[in-house]
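# Architecture and fold: a report
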Amino acid sequence: MGNDENVAPPREVRLDHRQVRVLAHPLRMRLLGALRTRGPATATTLAELLDTNTGATSYHLRQLAEVGLVVEDPDRGSGRQRWWQAAHDVTSWEPTDFDDDPDARAAVQWIHGDQVRLLAEHAERWFDAESDWSPAWRDAFGMGDIFLTVPPGRLQALMTEVWQVLERYRDEADPTEPGAEQVQVFLAAYPLWQGKR
């Protein structure tokens, strides 16, 4: 299967100030992530998946819908049964997009912190389950680091190039390929020495 010329590019949104403030909530982040990875679902299904209650799930789905991050799935649902889907496949922003809005800056910091917490939780679950996976998967998973000395423009170019490689692999992915599994790849770059520059 893989990628072909008829496949639509991923739907991407560059978050605005209102969207980033609404997204900075633990359940909303999880709801959007579940809809992106698992596809359309009802509030009841999402509540069961995320171990929360349907009322809270419905409320937070509506909050996400108000800013255009989720939409009702027009091809599903009947009567009171509402199906939701992610409005976009990719969310992006630059930290400087919110320099003029302290609340949005705080929301971005919270989202980044939540991503780090998610990485730590995933790693801990992996350590607990690693021995249940095949040697091929155990060798494929993991993380590493490298030290570089580069100016900001070169670092931005590196991040862009690595991101393009990840997007190419995502676009060429064939979920029906034998042995295929959903994986999450984190990409991060931080200064080695923290301090004002």
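Refer to the structure above for everything that follows.
So, a few notes on the structure that sits alongside this text.

Thresholds, definitions, all that
- Residues numbered from 1 in each chain as written.
- Predicted model: local features only at pLDDT ≥ 70, side-chain atom pairs only at ≥ 80, totals over all residues.
- Heavy atoms only, no water.
- Salt bridge = Lys/Arg side-chain N within 4 Å of Asp/Glu carboxyl O.
- Helix = DSSP H or I, 4+ residues; strand = E, 2+ residues; numbered from the N terminus.
- Buried < 20%, exposed > 50% of the residue type's maximum accessible area, 1.4 Å probe, protein only.
- Expected span 1.5 Å × (residues − 1).
- Arc of directions from axis to C-beta.
- Contact = heavy atoms within 4.5 Å.
- Polar contact = N/O pair within 3.5 Å; in protein donor to acceptor, adjacent residues only side chain to side chain.
- Pairing = 2+ DSSP bridges.
- Axes fitted to C-alpha atoms, helices over the stretch in contact; angles between N-to-C directions.
- Parallel < 35°, antiparallel > 145°, perpendicular 65-115°, else oblique.
- Nonpolar A, V, L, I, M, F, W, Y, C, P; charged D, E, K, R; others polar.

## A look at the pattern of salt bridges
Tallying each qualifying case throughout the model produces 9 salt bridges. Here Asp114 and Arg117 are joined by a salt bridge, their closest N and O atoms 3.5 Å apart. Placement of the pair is Asp114 and Arg117 together in helix H5 (residues 102-129), with a separation of 3 residues, close to one helical turn. With relative accessibility at 17%, the residue Asp114 sits in the buried group. Note that Arg168 is salt-bridged to Glu172, the shortest N-O span being 4.0 Å. Of this pair, Arg168 and Glu172 both sit in helix H7 (residues 152-172), 4 residues apart, which is roughly one turn of that helix. Exposure remark for Arg168: the relative accessible area of 40% places this residue in the partly exposed category. Under the relative-accessibility criterion, Glu172 is labelled partly exposed at 41%.

## Comments concerning helix H4 (residues 54-66)
Taking 1.5 Å as the rise per residue, H4 with 13 residues should run 18 Å; its terminal C-alpha atoms sit 18 Å apart, in good agreement. When we look at burial in H4, the residues that qualify are Thr57, His60, Leu61, Gln63 and Leu64. Along the axis of H4, the buried residues cluster in a sector spanning 155 degrees; they form a single face. Looking at the packing, one finds that the buried side of H4 touches helix H1 (17-23), helix H2 (26-38), helix H3 (43-50), strand E3 (70-72) and strand E4 (83-86). Two to three positions downstream of the cap, the backbone nitrogen of Gly55 sits 3.1 Å from a side-chain oxygen, assigning the N-cap of H4 to Asn53. The first or second residue beyond H4 is Gly68, which carries a positive phi of 80 degrees.

## Thoughts on unusual backbone geometry
Note on backbone geometry: most residues besides glycine have negative phi, and most peptide bonds are trans. Despite not being glycine, Asp51 shows a phi value in the positive range, around 55 degrees. According to the relative accessible area criterion, Asp51 is exposed, its value standing at 73%.

## As for the side chain of Asp101
Here Asp101 shows up in the loop between strand E5 (90-92) and H5. Among the polar contacts listed, one links the side chain of Asp101 to the backbone nitrogen of Ala104, at a separation of 3.1 Å. Once residues lying within four places of it in the same chain are set aside, the contact partners of Asp101 are His17 and Arg21.

## Thoughts on the sheet that holds strand E2 (residues 41-42)
Sheets are built from strands that pair by backbone hydrogen bonding, the pairs being arranged parallel or antiparallel. Read across the sheet, 3 strands follow the order E2-E4-E3 without closing on themselves; strand pairing throughout is antiparallel. The sheet is open, and its two borders are formed by E2 and E3, each paired with just one other strand. In the sheet, E2 pairs with E4 via 2 bridges, with the strands oriented antiparallel. If you follow Thr42 over to E4, its bridge partner there is Trp83.

## With respect to the packing of H2 against H4
Angle between the axes and distance between the axes: these two values describe a pair of packed helices. At a minimum axis distance of 10 Å, the contact between H2 and H4 shows a crossing angle of 80 degrees. It follows that H2 is roughly perpendicular to H4 by the angle criterion. For the pair H2 and H4, the contacting residues are Leu27, Arg28, Leu31 and Leu35 in the first and Ala56, Thr57, Tyr59, His60, Leu61, Gln63 and Leu64 in the second. Counted by class, the contact of H2 with H4 contains 7 nonpolar, 3 polar and 1 charged residues.

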